[in-house]
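Commentary on secondary and tertiary structure
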Amino acid sequence: MQAKGRTLECWSSEAWHSKRPLLLEAVKSLLDEQNLAVQKAISELIVVMASHCYLIGPSGELFVEYLVRHCALSDQKKYVNESSKVKIGAFCPTELRAICEKGLLLLTITIPEMQHILWPLLLKMIIPRAYTSAAATVCRCISELCRHRSSSSNVMLSECKARDDIPNPEELFARLVVLLHDPLAREQQATQILMIPKMKAYVSDTEDLKLDPSYQETWDDMIINFLAESLDVVQETDWLISLGNAFTEQYVLYTPDDDHSALLHRWLGFLYWKQEVNGSIPYASILEGVNLTWGEWKVADRNYVCDKIDWMYKQANIAIPTNRLGLAKAMGLVAASHLDAVLEMLKGILDNIGQSLFQRLLSFFSNSYRMEESDDIHAALALMYGYAAKYAPSTVIEARIDALVGTNMLSRLLHVRHHTAKQAVITAIDLLGRAVINAAENGASFPLKKRDQLLDYILTLMGREENDSFADSSIELLHTQALALSACTTLVTVEPKLTIETRNHVMKATLGFFALPNDPIDVVNPLIDNLITLLCAILLTSGEDGRSRADQLLHILRQIDQYVSSPIEYQRRRSCLAVYEMLLKFRTLCVIGYCALGCHGSCTHIKQIDRAVLGNFSNLPSAYVLPSREALCLGNRVIMYLPRCADTDSEVRKISAQILDQLFSISLSLPRPVGSSSGIDLELSYGALSSLEDVIAILRSDASIDPSEVFNRIVSSVCILLTKDELVATLHSCTTAICDRTKQSAEGAIQAVIEFVTKRGNELSETDVSRTTQSLLSAAVHITDKHLRLETLGAISCLAENTNSKIVFNEVLATAGKDIVTKDISRLRGGWPMQDAFHAFSQHAVLSFLFLEHLISALNQTPFIKGDMEKGDYSSHSADTWIDDDILQAAILALTAFFRGGGKVGKKAVEKSYAPVLAALTLQLGSCHGLASSGQHEPLRAILTSFQAFCECVGDLEMRKILARDGEQNDKEKWINLIGDVAGCVSIKRPKEVM
């Protein structure tokens with residue numbers, strides 16, 4: 001071979017022509033050589049020989065077949081990366097294959113003398129299994145031959161018929177239709193086979209095709225339509241039967257794990273169905289000339305179909321999921337015209353493997369029963385039942401569904417253990433539901449019997465076995481659960497409507513998926529999408545009218561709240577997206593109308609709402625009634641999603657802003673009840689809504705914008721959009737938002753409360769102020785972060801400053817009093833929140849004087865009553881007595897905190913109120929001395945501590961020494977002397993204040 005180059009130059013000399021037979025024999029002897037370098041040289045040599053007309057007769061066909069055989073060299077995988085090629089010597093099989101493909105094309109296009117050898121020889125190369133991988137190149141060469149010889153098409157056909165070794169048209173058609181299955185096959189095989197522009201266009205860009213997850217299903221449907229139209233054009237029973245036989249004979253061309261085997265099942269099922277549609281009875285070709293009645297013909301036809309489907313089942317390797325699916329689709333198509341025959345076969349299979357659960361358990365431990373094989377059979381049966389429903393004619397769909405569901409056969413398929421088998425059973429149930437939906441769209445609406453039972457089946461199948469290892473089976477488990485969620489969506493969409501019990505059961509079993517780990521993201525994300533779709537379907541199909549559907553919306557949203565405020569970022573992102581999608585669906589209902597099947601947008605089932613009469617609900621049927629704005633509980637919803645607008649995740653911030661936009665858009669579109677006096681300024685509200693939508697537009701286009709600026713604008717818009725009642729509800733529900741486990745969101749919630757109180761605090765009643773203070777105090781108690789607690793206390797101070805400060809102070813003292821009685825306030829982790837509240841008031845420029853005045857009033861007006869505590873008779877005292885006593889203790893502690901923690905602002909307030917404070921402390925000191933004489937010393941110690949703190953605050957150290965020396969003396973004479981010393985000290989140092 002080293003002299004190959006020099007040898008090729010001599011082919012054209014006359015001396016070589018005389019030795020042509022000898023040279024051909026020499027080359028033939030090398031055709032079985034396995035060395036890749038030799039094979040490469042021979043392939044190139046064949047092309048040169050053809051260009052000099054050396055390839056003639058049988059030897060020429062032998063050399064062409066050599067090229068075709070090496071065009072069929074296959075990588076170990078269908079699609080192989082360059083890095084995975086294994087080189088042998090200087091060449092690899094991929095390079096040899098490329099050389100042969102180019103050589104065969106050169107022979108076809110550039111050497112006219114080769115056409116009489118290539119045609120119809122290349123047709124012979126299409127069928128053999130060994131040449132399957134060369135089909136794309138062979139088909140391309142055939143297309144070129146046909147294009148060059150189009151003027152002699154009749155001659156070409158006669159040449160084909162003249163040779164017995166050339167496949168007949170039915171065999172070629174069957175082979176090529178099956179080879180169309182993979183649109184991503186090497187060398188654009190589907191494009192080379194097809195001559196149909198529309199189908200070629202669909203597969204022309206394989207990279208774009210890969211982006212469509214459903215491309216294979218779409219492509220298979222296109223092939224089915226192509227096959228159907230081809231059969232309609234021919235319309236010959238004999239040809240139809242011949243084609244069926246051709247499909248049957250080609251099972252040997254594919255291995256059981258080849259997807260083409262699955263396609264063969266489907267094509268055969270389609271042909272048997274098409275035979276019935278065309279009115280032909282295949283069995284008639286066998287019994288031609290036999291005089292039978294119509295009934296006998298039908299029996300013969302049924303027997304023929306039974307034999308064929310039984311043969312198909314035996315041919316299928318149902319252990320392979322794709323093969324199983326192809327068989328199921330085929331059986332479904334056959335069942336469209338021969339349901340009884342198919343059901344009888346399926347029942348026989350099920351009965352043969354039907355053992356009791358106890359027997360299955362025993363056989364499992366004894367290895368006498370192969371659980372995996374049982375699962376494969378059950379999975380195949382389930383899919384066949386499902387596709388029998390899918391392909392049922394609309395005239396018999398209800399009876400078909402009743403036959404499949406009513407026999408309770410599906411319950412016998414629930415014992416499968418492997419995930420692929422579970423997925424098959426779930427798919428079957430999903431197909432039943434989809435068949436009902438399709439029937440409704442075609443005008444044959446009916447309820448799905450045992451729908452709730454089928455839902456329970458799905459929820460059972462998607463659960464994880466106790467002995468399953470999550471690490472080992474998580475991927476398959478997630479696939480099963482994603483499929484189950486999709487099937488649940490299908491079932492909740494059909495009639496009858498979900499009951500509350502079923503709804504709660506489904507939600508309890510599925511909402512936990514929001515907490516799934518984020519990886520593997522390519523599996524988890526579709527599962528979450530299916531979960532969101534399911535929740536939307538529940539929303540759209542559960543209620544009877546707008547009002548009940550609003551209740552459904554709120555129920556679902558409240559169930560999701562735990563994930564909206566989750567500390568885990570991806571859980572917040574998922575749940576916020578779910579909320580947004582549901583609001584979109586709900587808004588569609590409110591704006592467009594109501595659809596019993598849950599469709600959105602325009603659909604044939606929708607019931608339009610007459611906007612002209614929306615103002616008077618009494619004139620509307622119940623199905624048309626929309627919810628009131630109050631039914632949406634906007635206040636509670638707003639404070640749930642507003643903190644998310646300050647979230648650490650940009651996607652959560654964007655979605656949350658859109659949620660608020662949807663909530664207020666819906667509320668403004670809802671009718672107001674007659675006589676309603678909500679006081680909404682529509683012009684102002686729509687302006688604020690427009691501003692909010694502008695912010696959302698900015699978030700979508702500019703991710704670099706300052707989040708704090710965006711949040712401020714959102715809060716300002718929301719503050720305007722809330723009605724007075726909604727504002728109150730927002731403030732009352734702020735505890736959870738302020739305690740949010742995302743610090744940035746908690747800060748946002750506090751900022752929003754301050755904004756609302758500052759701008760609209762004058763609208764709050766005394767009761768509103770009281771409840772809002774309680775909510776803020778509750779948040780301050782639960783917050784452990786010192787900074788957030790101080791910000792919360794700042795919000796309480798803002799509330800006191802902008803509303804009724806006396807009510808706020810009363811609530812703070814009441815809470816402090818309860819803490820004194822129920823907690824050891826000196827040992828609280830993070831300190832006592834009420835102490836921080838007292839400090840916040842004392843340091844506030846506006847509130848310090850008001851708070852001090854309030855404390856003095858409490859000391860002067862509230863009696864220090866213990867009643868009959870010495871007797872232990874606690875129940876004889878009213879609750880007010882206990883509250884008064886607690887508030888007094890709290891007021892004394894508050895004064896102490898004021899004196900010690902007020903700083904310059906607090907000291908200024910004390911100096912300004914020196915006389916009232918001194919008088920109040922002196923009177924309380926006297927009262928406590930009286931209690932001390934009866935054995936109650938703690939009140940005296942508390943007031944002395946406060947009195948001494950007062951002395952330190954005003955700088956009167958002499959008075960402090962007097963109190964420290966004689967303050968706890970119980971002797972009456974010494975008590976009188978103590979008061980005299982205090983009075984003398986004051987008169988000397990602060991005569992003006994005393995006067």
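Quick caveat, the model's predicted, so the values are computed rather than measured. (Residues numbered from 1 in each chain as written. Predicted model: local features only at pLDDT ≥ 70, side-chain atom pairs only at ≥ 80, totals over all residues. Heavy atoms only, no water.)

Another aspect to go through is the overall build of the protein chain. The secondary structure content of the protein chain amounts to 48 helices and two strands. Here the protein chain, with 995 residues, has 51% of them falling under the buried criterion. Sequence-distant contacts in the protein chain: of pairs separated by 6 or more residues, those separated by 24 or more amount to 75%. (Helix = DSSP H or I, 4+ residues; strand = E, 2+ residues; numbered from the N terminus. Buried < 20%, exposed > 50% of the residue type's maximum accessible area, 1.4 Å probe, protein only. Contact = heavy atoms within 4.5 Å.)

Checked against the element boundaries, Val 334 lands in helix α18 (residues 321-335). When its relative accessible area of 0% is taken as the criterion, Val 334 is described as buried. With 61 residues separating them in the primary sequence, Val 334 and Trp 273 have C-alpha atoms 5.1 Å apart. With residues near it in sequence (within four places) discarded, Val 334 still touches Gly 269, Tyr 272, Val 305, Ile 309 and Val 342.

Locating Asp 430 in the fold gives a position in helix α23 (residues 419-441). Polar contacts involving the side chain of Asp 430 include one to the side chain of Thr 490, which spans 2.5 Å. Dropping the residues within four chain positions of it, Asp 430 is found in contact with Ser 486, Ala 487 and Thr 490. (Polar contact = N/O pair within 3.5 Å; in protein donor to acceptor, adjacent residues only side chain to side chain.)

What follows covers the packing of aromatic side chains. Tallying each qualifying case throughout the model produces 14 aromatic pairs. Three or more aromatic residues joined by ring pairs form one cluster here, namely Phe 809, Trp 832, Phe 838, Phe 841, Phe 851 and Phe 898. One Lys or Arg, Lys 912, reaches over the ring of Phe 849 and ends 4.8 Å from the middle of that ring. (Phe/Tyr/Trp six-rings, centres within 6.5 Å; stacked < 30°, edge-to-face > 60°. Lys NZ or Arg CZ within 6 Å of the ring centre and 35° of its normal.)

The next thing to look at is the layout of surface pockets. One way to see where empty space is left: roll a probe the size of a water molecule over the atoms. Each pocket or cavity is described by its volume, and for the largest pocket that value is around 1,800 Å³. Among the secondary structure elements, those contributing two or more residues to the lining of the largest pocket are α14 (215-234), α16 (259-277), α18, α21 (371-390), α23, α25 (470-493) and α27 (521-542). When the residues that make up the lining of the largest pocket are grouped by side-chain class, the tally is 21 nonpolar, 11 polar and 12 charged. (1 Å grid on protein atoms, 1.4 Å probe; cavity = no way out; pocket = protein on both sides within 12 Å on 5 of 7 lines; lining within 4 Å. Points joined across faces, edges and corners; volume = space filled by probe spheres on them. Nonpolar A, V, L, I, M, F, W, Y, C, P; charged D, E, K, R; others polar.)

The next thing to look at is the environment of Asp 681. Mapped onto the elements of the fold, Asp 681 is located in the loop between α31 (650-669) and α32 (682-701). For Asp 681, a relative accessible area of 43% gives the class partly exposed.

Turning to helix α39 (residues 805-822), a few remarks are in order. Here α39 contains 18 residues, and its C-alpha end-to-end distance of 26 Å stays within 8% of the 26 Å for a straight helix at 1.5 Å per residue. Of all the residues in α39, the buried ones are Ser 805, Ile 807, Val 808, Phe 809, Glu 811, Val 812, Leu 813, Thr 815, Ala 816, Gly 817, Asp 819 and Ile 820. Two to three positions downstream of the cap, the backbone nitrogen of Lys 806 sits 3.1 Å from a side-chain oxygen, assigning the N-cap of α39 to Asn 804. (Expected span 1.5 Å × (residues − 1).)

Moving on, we come to helix α28 (residues 546-564). With 19 residues, α28 extends 25 Å from end C-alpha to end C-alpha; this agrees with the ideal 27 Å at 1.5 Å per step. The largest bend along α28 reaches roughly 30° and is located at Arg 558. (Bend = angle between axes of the 7 residues up to and from the residue.)

On to the side chain of Arg 503. Mapped onto the elements of the fold, Arg 503 is located in helix α26 (residues 500-510). We note that Arg 503 is buried and unpaired, the nearest opposite charge coming from Asp 551 at a distance of 8.4 Å. In contact with Arg 503, not counting residues within four places along its chain, are Leu 498, Ile 538, Gln 552 and His 555. (Lys, Arg positive; Asp, Glu negative; His and termini not counted. Salt bridge = Lys/Arg side-chain N within 4 Å of Asp/Glu carboxyl O.)

So, on to the state of the cysteines. In the structure shown here, the tally under the stated rule is zero disulfides. Left unpaired, Cys 739 is separated from the closest cysteine sulfur, that of Cys 734, by 8.9 Å. Classification of Cys 739 by relative accessible area gives partly exposed; the value is 28%. (Disulfide = S-S within 2.5 Å.)

Our next topic: the confidence of the model for the protein chain. Here the protein chain shows a mean pLDDT of 80. Residues at 70 or above account for 80%. Confidence, expressed as mean pLDDT per element, reaches its minimum in the protein chain at strand β2 (residues 607-608) with 40 and its maximum at helix α36 (residues 743-760) with 96. Low confidence marks residues 1-5, where pLDDT is under 50. Its contacts with residues over four positions away, or in another chain, come to four contacts. For the stretch residues 76-89, pLDDT sits under 50, and the model shows 13 contacts to residues farther than four places along the chain or on other chains. (pLDDT = per-residue confidence, 0-100.)

The next thing to look at is the packing of helix α34 (residues 724-732) against α36. In contact at an axis separation of 11 Å, α34 and α36 are set at 140° when each is read in the N-to-C sense. Taken together, the axis directions place α34 and α36 in an arrangement best described as oblique. The two elements α34 and α36 cross, and the hand of that crossing is left-handed. Across from Lys 724, Leu 727, Thr 730 and Leu 731 in α34, the residues of α36 making contact are Val 753, Phe 756, Val 757 and Arg 760. When its residues are assigned to classes, the contact of α34 with α36 shows five nonpolar, one polar and two charged. (Axes fitted to C-alpha atoms, helices over the stretch in contact; angles between N-to-C directions. Parallel < 35°, antiparallel > 145°, perpendicular 65-115°, else oblique. Left-handed = near helix turned anticlockwise from the far one by under 90°.)

Axis separation between α26 and α28 bottoms out at 12 Å; the angle between their running directions is 25°. On the basis of their axis angle, the class for α26 and α28 is roughly parallel. Crossing geometry of α26 relative to α28 is assigned as right-handed. Of the residues in α28, those touching α26 at Arg 503, Asn 504 and Met 507 are Gln 552, His 555, Ile 556 and Gln 559. Residues of the contact of α26 with α28, tallied by class, amount to two nonpolar, four polar and one charged.

Considering the arrangement of structural elements, one finds Leu 477 in helix α25. Residue classification places Leu 477 among the buried positions, given a relative accessible area of 1%. Between the C-alpha atoms of Leu 477 and Gly 463, which are 14 residues apart in sequence, the distance is 8.3 Å.

In this chain, Trp 119 is followed by Pro 120 through a cis amide linkage whose omega measures 0°. Following Asp 519, the chain continues into Pro 520 via a peptide bond in cis, with omega recorded as 0°. Mapped onto the elements, Pro 520 comes out in the loop between α26 and α27. Even without being glycine, Lys 450 reaches a positive phi, approximately 60°.

To continue, consider the pattern of salt bridges. A side chain of one charge can pair with a side chain of the opposite charge when the charged atoms of the two come close. Taken as a whole and assessed by the stated rule, the structure comprises 29 salt bridges. A salt bridge links Arg 69 to Glu 65, with the shortest nitrogen-to-oxygen separation between them at 2.6 Å. Taken together, the residues Arg 69 and Glu 65, both in helix α5 (residues 57-71) and four residues apart, mark about one turn of the helix. Assessed through its relative accessible area of 31%, Arg 69 is described here as partly exposed.

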